[in-house]
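Commentary on secondary and tertiary structure
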Amino acid sequence: MSATLHFHQTTTATPAEIVAAVTDFGPGRSEIFGNSADDYLEVHSQGVDEADVTEGSGGIWERLHYDWSDPNRVVMTTTDSNLWGGGSGHTYTFTRRPDGTTDLDAVVVRDGKNIRGRALGLVLGTVGKGVLEKAFVNTVKAIEARNTAARATKLT
């Protein structure tokens, strides 16, 4: 079973701050992404505007090709996983608003490649959407907190 989930949040973070947080593959990544445990994190390669990274948690992992060559979008395409195949991945799109905030739209595609993946895809597409939405909201809050702390440090 495949699930396509859409999330939206307005944030005080700029697109550049969002990209910086999403593409920070260092220790503590789980502070931004609760579903990315440090012990699963492996950066296979990283360039100026792309990376090949394996991450996950709780027995679920995926290898993602990150592309942030467009300053208004980060595309994460699943290239390997123990559960996800097909067109799985994530796309974050940013739109600056006149008031200085940013609209952040996320599309998450989960295409199960085996029985466990298809079952989890079915759950995520129905009753589990709220769990992923909460994780998305928490990610946005963590990015805002990270940027608030960075701005405060610059002022001192």
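Residues numbered from 1 in each chain as written. Predicted model: local features only at pLDDT ≥ 70, side-chain atom pairs only at ≥ 80, totals over all residues. Heavy atoms only, no water.

Let us look at helix α2 (residues 115-125). Inspection of α2 places Gly117, Gly121 and Leu124 among the buried residues, and these make up the whole buried set. What you see down the axis of α2 is that its buried residues fit within an arc of 65°, all on one side. (Buried < 20%, exposed > 50% of the residue type's maximum accessible area, 1.4 Å probe, protein only. Helix = DSSP H or I, 4+ residues; strand = E, 2+ residues; numbered from the N terminus. Arc of directions from axis to C-beta.)

A few words now on the environment of Gly47. Along the polypeptide, Gly47 turns up in the loop between β2 (42-46) and β3 (50-57). As a C-alpha pair, Gly47 and Asp67 span 20 residues in sequence and 9.6 Å in three-dimensional space.

Counted according to the given criterion, the structure contains four aromatic pairs. Taking 5.7 Å as the distance between ring centres and 25° as the angle between the ring planes, the aromatic pair formed by Phe7 and Phe136 counts as stacked. Separated by 129 residues along the polypeptide, Phe7 in strand β1 (residues 2-11) and Phe136 in helix α3 (residues 129-155) bring together distant segments of the chain. The residues Phe7 and Phe136 share a single accessibility class, namely buried. Each residue in the set Phe7, Tyr92 and Phe136 is aromatic and connected to the rest through ring pairs, giving one cluster. (Phe/Tyr/Trp six-rings, centres within 6.5 Å; stacked < 30°, edge-to-face > 60°.)

Worth remembering: the numbers are spatial, not functional.
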